[in-house]
Number of protein chains: 2
Amino acid sequence: MHSFDRTDIQLLRALCTEPRSTVVALAQRLGLSRNTVQARMGRLEETGTFLAFDRRINPVALGYPLTAFIEVHVQQKRLARIVDELARIPEIVQAHGMSGPADLLVRVVCRDADDLFRIDGTILACEGVDRTETSLAMGEVIPFRLAPLLDRAARSG
Amino acid sequence: MHSFDRTDIQLLRALCTEPRSTVVALAQRLGLSRNTVQARMGRLEETGTFLAFDRRINPVALGYPLTAFIEVHVQQKRLARIVDELARIPEIVQAHGMSGPADLLVRVVCRDADDLFRIDGTILACEGVDRTETSLAMGEVIPFRLAPLLDRAARSG
DNA sequence: CTTTTGATTGAGCAATGTGCCCTATCCGGG
DNA sequence: CCCGGATAGGGCACATTGCTCAATCAAAAG
(Lines give C-alpha, C1' and ligand atoms only; values in the text may rest on other atoms or scores of the structure.)
Protein backbone atom coordinates (compact mmCIF):
# COMPACT_ATOMS: atom_id res chain seq x y z
CA MET A 1 0.00 0.00 0.00
CA HIS A 2 1.23 3.46 0.71
CA SER A 3 1.16 5.63 3.76
CA PHE A 4 0.10 9.24 3.69
CA ASP A 5 1.79 12.10 5.38
CA ARG A 6 0.21 15.37 6.41
CA THR A 7 0.94 16.90 3.03
CA ASP A 8 -0.98 14.23 1.16
CA ILE A 9 -3.95 14.77 3.42
CA GLN A 10 -3.86 18.51 2.96
CA LEU A 11 -3.66 18.01 -0.74
CA LEU A 12 -6.73 15.81 -0.81
CA ARG A 13 -8.54 18.12 1.54
CA ALA A 14 -7.86 21.12 -0.65
CA LEU A 15 -9.21 19.23 -3.62
CA CYS A 16 -12.43 18.53 -1.76
CA THR A 17 -13.30 22.20 -1.72
CA GLU A 18 -11.73 23.07 -5.05
CA PRO A 19 -11.81 19.99 -7.26
CA ARG A 20 -11.15 21.97 -10.43
CA SER A 21 -8.06 23.71 -9.22
CA THR A 22 -4.94 23.23 -11.26
CA VAL A 23 -1.68 21.86 -10.01
CA VAL A 24 -0.19 25.35 -9.97
CA ALA A 25 -3.06 26.74 -7.92
CA LEU A 26 -2.81 23.83 -5.50
CA ALA A 27 0.90 24.39 -5.09
CA GLN A 28 0.36 28.04 -4.31
CA ARG A 29 -2.34 27.39 -1.75
CA LEU A 30 -0.29 24.78 0.06
CA GLY A 31 2.92 26.75 -0.22
CA LEU A 32 4.67 23.98 -2.10
CA SER A 33 6.47 23.88 -5.38
CA ARG A 34 4.66 22.79 -8.47
CA ASN A 35 7.03 19.86 -8.87
CA THR A 36 6.21 18.52 -5.46
CA VAL A 37 2.48 18.71 -5.93
CA GLN A 38 2.74 17.09 -9.31
CA ALA A 39 4.83 14.23 -7.96
CA ARG A 40 2.48 13.64 -5.04
CA MET A 41 -0.60 13.72 -7.20
CA GLY A 42 1.00 11.18 -9.46
CA ARG A 43 1.76 8.94 -6.53
CA LEU A 44 -1.75 9.26 -5.20
CA GLU A 45 -3.15 8.14 -8.51
CA GLU A 46 -0.77 5.23 -8.84
CA THR A 47 -1.45 3.94 -5.36
CA GLY A 48 -5.17 3.75 -6.03
CA THR A 49 -6.32 6.66 -3.94
CA PHE A 50 -8.75 7.68 -6.63
CA LEU A 51 -11.78 5.71 -7.61
CA ALA A 52 -13.53 5.21 -10.90
CA PHE A 53 -15.25 8.04 -12.67
CA ASP A 54 -18.64 6.45 -12.06
CA ARG A 55 -18.67 7.73 -8.57
CA ARG A 56 -18.66 11.29 -9.77
CA ILE A 57 -21.94 10.97 -11.58
CA ASN A 58 -25.12 11.88 -9.77
CA PRO A 59 -27.77 9.21 -10.37
CA VAL A 60 -30.50 11.66 -9.45
CA ALA A 61 -29.49 14.03 -12.21
CA LEU A 62 -29.25 11.02 -14.50
CA GLY A 63 -32.95 10.36 -14.06
CA TYR A 64 -32.87 7.85 -11.23
CA PRO A 65 -34.27 9.78 -8.29
CA LEU A 66 -34.94 6.79 -6.08
CA THR A 67 -32.37 4.80 -4.14
CA ALA A 68 -33.17 1.63 -2.28
CA PHE A 69 -31.22 -0.83 -0.22
CA ILE A 70 -32.17 -4.44 -0.59
CA GLU A 71 -31.01 -7.02 1.88
CA VAL A 72 -30.68 -10.33 0.13
CA HIS A 73 -30.68 -13.68 1.88
CA VAL A 74 -29.20 -16.45 -0.19
CA GLN A 75 -28.03 -20.00 -0.05
CA GLN A 76 -24.47 -19.24 0.75
CA LYS A 77 -22.99 -21.99 -1.37
CA ARG A 78 -24.38 -20.28 -4.45
CA LEU A 79 -23.23 -16.84 -3.46
CA ALA A 80 -20.65 -16.41 -6.20
CA ARG A 81 -23.02 -17.44 -8.95
CA ILE A 82 -25.73 -15.17 -7.59
CA VAL A 83 -23.39 -12.21 -7.53
CA ASP A 84 -22.55 -12.83 -11.17
CA GLU A 85 -26.21 -12.83 -12.00
CA LEU A 86 -26.94 -9.70 -10.02
CA ALA A 87 -24.09 -7.95 -11.76
CA ARG A 88 -26.09 -8.19 -14.95
CA ILE A 89 -28.82 -5.93 -13.55
CA PRO A 90 -27.83 -2.39 -14.47
CA GLU A 91 -29.90 -0.76 -11.74
CA ILE A 92 -27.77 -2.46 -9.12
CA VAL A 93 -25.11 0.14 -8.65
CA GLN A 94 -23.31 -1.52 -5.77
CA ALA A 95 -23.41 -4.63 -3.63
CA HIS A 96 -21.61 -5.67 -0.48
CA GLY A 97 -21.14 -9.10 0.93
CA MET A 98 -22.18 -8.83 4.56
CA SER A 99 -21.54 -10.42 7.87
CA GLY A 100 -24.71 -10.52 9.85
CA PRO A 101 -28.27 -11.59 9.21
CA ALA A 102 -28.28 -10.71 5.52
CA ASP A 103 -25.75 -12.10 3.06
CA LEU A 104 -25.82 -9.23 0.60
CA LEU A 105 -26.67 -5.59 0.82
CA VAL A 106 -27.57 -4.37 -2.62
CA ARG A 107 -27.88 -0.76 -3.54
CA VAL A 108 -30.32 0.02 -6.30
CA VAL A 109 -31.31 3.14 -8.17
CA CYS A 110 -34.61 3.36 -9.98
CA ARG A 111 -36.96 5.71 -11.77
CA ASP A 112 -40.01 5.04 -9.61
CA ALA A 113 -41.69 2.57 -7.30
CA ASP A 114 -42.79 0.30 -10.14
CA ASP A 115 -39.24 0.16 -11.33
CA LEU A 116 -38.11 -0.87 -7.88
CA PHE A 117 -40.77 -3.55 -7.69
CA ARG A 118 -39.62 -4.96 -11.01
CA ILE A 119 -35.97 -5.00 -9.98
CA ASP A 120 -36.77 -6.68 -6.71
CA GLY A 121 -38.61 -9.31 -8.71
CA THR A 122 -35.57 -9.86 -10.89
CA ILE A 123 -33.40 -10.38 -7.87
CA LEU A 124 -35.85 -12.80 -6.33
CA ALA A 125 -35.93 -14.76 -9.55
CA CYS A 126 -32.27 -15.71 -9.21
CA GLU A 127 -31.72 -19.32 -8.24
CA GLY A 128 -30.53 -19.55 -4.69
CA VAL A 129 -32.06 -16.28 -3.51
CA ASP A 130 -34.28 -17.06 -0.56
CA ARG A 131 -35.65 -13.73 0.46
CA THR A 132 -35.20 -9.99 0.04
CA GLU A 133 -35.99 -7.08 2.31
CA THR A 134 -36.34 -3.79 0.54
CA SER A 135 -35.95 -0.44 2.23
CA LEU A 136 -36.47 2.72 0.28
CA ALA A 137 -34.07 5.54 1.02
CA MET A 138 -36.12 8.62 1.81
CA GLY A 139 -33.17 10.93 1.55
CA GLU A 140 -29.44 11.16 1.89
CA VAL A 141 -29.44 12.92 5.25
CA ILE A 142 -25.65 12.86 5.30
CA PRO A 143 -24.35 13.05 1.76
CA PHE A 144 -21.29 10.98 1.06
CA ARG A 145 -18.26 12.78 2.38
CA LEU A 146 -14.72 12.16 3.45
CA ALA A 147 -13.82 15.74 4.20
CA PRO A 148 -14.43 15.46 7.97
CA LEU A 149 -12.16 12.45 8.11
CA LEU A 150 -9.48 14.28 6.19
CA ASP A 151 -9.86 17.31 8.44
CA ARG A 152 -9.28 15.27 11.53
CA ALA A 153 -6.35 13.48 9.95
CA ALA A 154 -4.83 16.83 9.01
CA ARG A 155 -5.09 18.08 12.58
CA SER A 156 -4.00 15.02 14.47
CA GLY A 157 -2.02 12.96 11.96
CA MET B 1 -33.74 19.68 -13.89
CA HIS B 2 -32.35 18.81 -17.25
CA SER B 3 -32.93 16.00 -19.65
CA PHE B 4 -30.14 14.10 -21.31
CA ASP B 5 -29.92 13.12 -24.90
CA ARG B 6 -27.93 10.29 -26.36
CA THR B 7 -24.89 12.48 -26.77
CA ASP B 8 -24.75 13.37 -23.10
CA ILE B 9 -24.93 9.70 -22.20
CA GLN B 10 -22.18 8.79 -24.61
CA LEU B 11 -20.08 11.56 -23.21
CA LEU B 12 -20.48 10.32 -19.66
CA ARG B 13 -19.92 6.76 -20.75
CA ALA B 14 -16.70 7.64 -22.51
CA LEU B 15 -15.50 9.39 -19.39
CA CYS B 16 -16.13 6.25 -17.36
CA THR B 17 -13.44 4.39 -19.23
CA GLU B 18 -11.14 7.32 -19.80
CA PRO B 19 -11.64 9.81 -16.99
CA ARG B 20 -8.41 11.66 -17.73
CA SER B 21 -9.09 12.29 -21.36
CA THR B 22 -9.05 15.87 -22.52
CA VAL B 23 -11.89 17.67 -24.16
CA VAL B 24 -10.16 17.40 -27.52
CA ALA B 25 -9.67 13.67 -27.17
CA LEU B 26 -13.30 13.24 -26.16
CA ALA B 27 -14.46 15.23 -29.14
CA GLN B 28 -12.43 13.08 -31.48
CA ARG B 29 -13.68 9.84 -30.04
CA LEU B 30 -17.30 10.91 -30.25
CA GLY B 31 -16.91 12.54 -33.62
CA LEU B 32 -18.03 15.92 -32.34
CA SER B 33 -16.47 19.32 -32.40
CA ARG B 34 -14.50 20.53 -29.47
CA ASN B 35 -16.93 23.37 -28.93
CA THR B 36 -19.86 21.04 -28.60
CA VAL B 37 -18.17 18.81 -26.10
CA GLN B 38 -17.04 21.79 -24.10
CA ALA B 39 -20.52 23.26 -24.04
CA ARG B 40 -22.11 19.99 -23.02
CA MET B 41 -19.59 19.34 -20.30
CA GLY B 42 -20.28 22.79 -18.94
CA ARG B 43 -23.98 22.13 -18.93
CA LEU B 44 -23.50 18.80 -17.20
CA GLU B 45 -21.55 20.46 -14.45
CA GLU B 46 -24.05 23.25 -14.01
CA THR B 47 -27.01 20.95 -13.81
CA GLY B 48 -25.46 18.98 -10.98
CA THR B 49 -24.55 15.84 -12.84
CA PHE B 50 -21.26 15.68 -11.03
CA LEU B 51 -20.86 15.03 -7.35
CA ALA B 52 -18.37 16.27 -4.82
CA PHE B 53 -14.73 15.38 -5.03
CA ASP B 54 -15.02 13.28 -1.88
CA ARG B 55 -16.50 10.48 -3.85
CA ARG B 56 -13.34 10.10 -5.84
CA ILE B 57 -11.23 9.23 -2.84
CA ASN B 58 -10.78 5.61 -1.90
CA PRO B 59 -11.27 5.16 1.85
CA VAL B 60 -9.33 1.91 1.75
CA ALA B 61 -6.25 3.62 0.37
CA LEU B 62 -6.79 6.33 2.96
CA GLY B 63 -6.29 3.84 5.74
CA TYR B 64 -9.87 2.84 6.44
CA PRO B 65 -10.10 -0.70 5.15
CA LEU B 66 -13.34 -1.61 6.90
CA THR B 67 -16.82 -0.54 5.88
CA ALA B 68 -19.88 -1.21 7.95
CA PHE B 69 -23.54 -0.46 7.63
CA ILE B 70 -25.35 0.40 10.81
CA GLU B 71 -29.11 0.39 10.97
CA VAL B 72 -30.22 2.92 13.53
CA HIS B 73 -33.60 2.90 15.21
CA VAL B 74 -34.55 6.22 16.72
CA GLN B 75 -37.39 8.14 18.26
CA GLN B 76 -38.61 9.66 15.09
CA LYS B 77 -39.52 13.01 16.60
CA ARG B 78 -35.85 13.57 17.37
CA LEU B 79 -34.62 12.48 13.98
CA ALA B 80 -33.38 15.86 12.81
CA ARG B 81 -31.41 16.50 15.98
CA ILE B 82 -29.92 13.03 15.85
CA VAL B 83 -28.78 13.49 12.28
CA ASP B 84 -27.04 16.70 13.28
CA GLU B 85 -25.26 14.85 16.01
CA LEU B 86 -24.26 11.95 13.78
CA ALA B 87 -22.90 14.40 11.23
CA ARG B 88 -20.25 15.29 13.76
CA ILE B 89 -18.78 11.80 13.65
CA PRO B 90 -16.15 11.84 10.90
CA GLU B 91 -16.22 8.09 10.34
CA ILE B 92 -19.82 8.32 9.22
CA VAL B 93 -19.32 8.86 5.54
CA GLN B 94 -22.95 8.67 4.54
CA ALA B 95 -26.41 8.26 6.01
CA HIS B 96 -29.83 7.69 4.52
CA GLY B 97 -33.20 8.22 6.07
CA MET B 98 -35.10 5.04 5.42
CA SER B 99 -38.61 3.79 5.02
CA GLY B 100 -38.93 0.39 6.59
CA PRO B 101 -37.98 -1.15 9.90
CA ALA B 102 -34.91 1.01 10.48
CA ASP B 103 -35.03 4.79 10.46
CA LEU B 104 -31.48 5.41 9.38
CA LEU B 105 -28.92 3.47 7.44
CA VAL B 106 -25.50 4.76 8.32
CA ARG B 107 -22.39 3.93 6.40
CA VAL B 108 -19.22 3.90 8.39
CA VAL B 109 -15.56 3.43 7.56
CA CYS B 110 -13.09 2.40 10.23
CA ARG B 111 -9.54 1.26 10.79
CA ASP B 112 -10.40 -1.97 12.59
CA ALA B 113 -13.00 -3.77 14.65
CA ASP B 114 -12.22 -1.80 17.79
CA ASP B 115 -12.72 1.37 15.88
CA LEU B 116 -16.10 0.16 14.72
CA PHE B 117 -17.09 -0.79 18.24
CA ARG B 118 -16.18 2.66 19.46
CA ILE B 119 -18.14 4.38 16.71
CA ASP B 120 -21.17 2.25 17.32
CA GLY B 121 -20.95 3.28 20.96
CA THR B 122 -20.84 6.92 19.98
CA ILE B 123 -23.97 6.51 17.90
CA LEU B 124 -25.78 4.71 20.69
CA ALA B 125 -24.85 7.49 23.07
CA CYS B 126 -26.95 9.99 21.13
CA GLU B 127 -30.16 10.96 22.85
CA GLY B 128 -33.11 9.42 21.11
CA VAL B 129 -31.23 6.52 19.58
CA ASP B 130 -32.98 3.35 20.66
CA ARG B 131 -30.99 0.62 19.03
CA THR B 132 -28.42 -0.10 16.37
CA GLU B 133 -27.74 -3.14 14.23
CA THR B 134 -24.28 -3.32 12.83
CA SER B 135 -23.32 -5.35 9.79
CA LEU B 136 -19.78 -5.49 8.63
CA ALA B 137 -19.22 -5.37 4.91
CA MET B 138 -17.03 -8.31 3.99
CA GLY B 139 -16.36 -7.00 0.54
CA GLU B 140 -17.70 -4.88 -2.25
CA VAL B 141 -18.82 -7.72 -4.47
CA ILE B 142 -20.17 -5.26 -7.01
CA PRO B 143 -18.09 -2.09 -6.89
CA PHE B 144 -20.03 1.09 -7.32
CA ARG B 145 -20.76 1.59 -10.98
CA LEU B 146 -23.07 3.46 -13.28
CA ALA B 147 -21.54 2.30 -16.52
CA PRO B 148 -24.06 -0.51 -17.12
CA LEU B 149 -26.90 1.92 -16.67
CA LEU B 150 -25.31 4.35 -19.08
CA ASP B 151 -24.70 1.58 -21.56
CA ARG B 152 -28.33 0.60 -21.58
CA ALA B 153 -29.42 4.21 -21.84
CA ALA B 154 -27.11 4.67 -24.81
CA ARG B 155 -28.61 1.70 -26.60
CA SER B 156 -32.29 2.21 -25.88
CA GLY B 157 -32.57 5.91 -25.03
C1' DC C 1 -44.04 27.63 -46.55
C1' DT C 2 -41.31 30.80 -43.88
C1' DT C 3 -39.34 32.28 -39.67
C1' DT C 4 -37.04 31.62 -35.64
C1' DT C 5 -34.61 29.47 -32.16
C1' DG C 6 -31.01 26.66 -30.49
C1' DA C 7 -27.31 23.49 -31.32
C1' DT C 8 -23.30 22.52 -33.95
C1' DT C 9 -19.19 23.52 -36.40
C1' DG C 10 -14.71 25.28 -37.88
C1' DA C 11 -11.53 28.67 -37.27
C1' DG C 12 -8.59 31.48 -34.69
C1' DC C 13 -6.06 33.54 -30.67
C1' DA C 14 -4.00 34.71 -26.19
C1' DA C 15 -3.09 32.77 -21.91
C1' DT C 16 -2.33 29.06 -19.20
C1' DG C 17 -1.14 24.56 -17.68
C1' DT C 18 1.25 20.32 -18.46
C1' DG C 19 4.91 17.06 -18.78
C1' DC C 20 9.44 16.71 -18.53
C1' DC C 21 14.24 18.06 -17.96
C1' DC C 22 18.14 19.41 -14.85
C1' DT C 23 20.52 21.07 -10.63
C1' DA C 24 21.01 22.67 -5.86
C1' DT C 25 19.48 22.16 -1.29
C1' DC C 26 17.80 19.96 2.79
C1' DC C 27 16.94 16.27 6.04
C1' DG C 28 16.91 11.83 8.26
C1' DG C 29 18.56 7.05 8.39
C1' DG C 30 22.22 3.89 7.87
C1' DC D 1 29.89 11.03 7.83
C1' DC D 2 27.73 9.91 3.55
C1' DC D 3 23.76 8.69 0.85
C1' DG D 4 18.99 8.52 -0.88
C1' DG D 5 14.71 10.61 -1.12
C1' DA D 6 12.03 14.59 -1.21
C1' DT D 7 11.77 19.35 -2.37
C1' DA D 8 12.52 23.87 -4.66
C1' DG D 9 13.43 26.59 -8.52
C1' DG D 10 14.34 27.37 -13.14
C1' DG D 11 13.39 26.44 -17.79
C1' DC D 12 11.28 24.79 -22.32
C1' DA D 13 8.26 22.80 -26.01
C1' DC D 14 3.77 21.65 -26.57
C1' DA D 15 -1.09 20.81 -25.84
C1' DT D 16 -5.09 22.47 -23.88
C1' DT D 17 -8.22 25.78 -22.39
C1' DG D 18 -11.52 29.53 -22.51
C1' DC D 19 -13.27 32.56 -25.39
C1' DT D 20 -15.01 34.80 -29.58
C1' DC D 21 -17.17 34.96 -34.20
C1' DA D 22 -19.69 33.74 -38.29
C1' DA D 23 -21.77 30.07 -40.98
C1' DT D 24 -24.60 26.06 -41.18
C1' DC D 25 -28.21 23.00 -39.91
C1' DA D 26 -32.53 20.99 -37.94
C1' DA D 27 -36.49 21.18 -35.77
C1' DA D 28 -40.22 23.70 -33.75
C1' DA D 29 -43.25 27.62 -34.22
C1' DG D 30 -45.97 30.87 -36.78
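Residues numbered from 1 in each chain as written. Chains lettered and ligands numbered in written order. Predicted model: local features only at pLDDT ≥ 70, side-chain atom pairs only at ≥ 80, totals over all residues. Heavy atoms only, no water.

## Some points on helix α3 (residues 34–46) of chain B
Residues lying three or four places apart along an α-helix face the same way, a consequence of the helix completing one turn every 3.6 residues.
Residue and element names in this part refer to chain B.
Thought 1: An ideal rise of 1.5 Å per residue puts 18 Å on 13 residues; α3 measures up with 18 Å between its terminal C-alpha atoms.
Thought 2: Inspection of α3 places V37, R40, M41 and L44 among the buried residues, and these make up the whole buried set. In an axial view of α3, the angular spread of the buried residues amounts to 100 degrees, which keeps them on one side of the axis. Away from the buried face of α3 by more than 90 degrees, exposed residues N35 and E46 are located.
Thought 3: Contacts from the buried residues of α3 go to α1 (6–17) and α2 (23–30).
Thought 4: Following α3 by one or two positions, G48 adopts a phi angle in the positive range, close to 80 degrees. (Helix = DSSP H or I, 4+ residues; strand = E, 2+ residues; numbered from the N terminus. Expected span 1.5 Å × (residues − 1). Buried < 20%, exposed > 50% of the residue type's maximum accessible area, 1.4 Å probe, protein only. Arc of directions from axis to C-beta. Contact = heavy atoms within 4.5 Å.)

## Digging into the pattern of salt bridges
Thought 1: Counted by the stated rule, this structure contains 20 salt bridges over all chains.
Thought 2: A salt bridge links A:D5 to A:R40, with the shortest nitrogen-to-oxygen separation between them at 2.2 Å. Highlighted residues: A:D5 in the segment before α1 (6–17) and A:R40 in helix α3 (residues 34–46), separated in sequence by 35 residues.
Thought 3: With a shortest N-O distance of 3.0 Å, A:R118 and A:E91 are connected by a salt bridge. Taken together, the residues span a long stretch of sequence, with A:R118 in helix α6 (residues 113–124) and A:E91 in the loop between α5 (79–86) and β2 (92–99) at a distance of 27 residues.
Thought 4: Owing to a relative accessible area of 1%, A:E91 belongs among the buried residues under this scheme.
Thought 5: A network of salt bridges, in which partner residues are shared, links A:E91, A:D115, A:R118 and B:R152. (Salt bridge = Lys/Arg side-chain N within 4 Å of Asp/Glu carboxyl O.)

## A short note on the protein's contact with DNA strand C
Thought 1: Around DNA strand C, the surrounding shell holds 13 residues, and the nearest of these are A:R34, B:R34, B:N35, B:T36 and B:R40.
Thought 2: Each atom of DNA strand C within 4 Å of the protein was assigned to sugar, phosphate or base; sugar and phosphate come to 58%.
Thought 3: Within the backbone of B:S33, one N or O atom sits 3.1 Å away from a phosphate oxygen of DNA strand C.
Thought 4: Between DNA strand C and B:R34 there is a distance of 3.1 Å, counted from a base oxygen to a side-chain nitrogen or oxygen.
Thought 5: Elements with a minimum of two residues in the surface near DNA strand C: α2 (23–30) and α3 of chain A together with α3 of chain B.
Thought 6: Broken down by element, the surface near DNA strand C gets its largest block of residues, 5 residues, from α3(B). (Near = heavy atom within 4 Å. Polar contact = N/O pair within 3.5 Å; in protein donor to acceptor, adjacent residues only side chain to side chain.)

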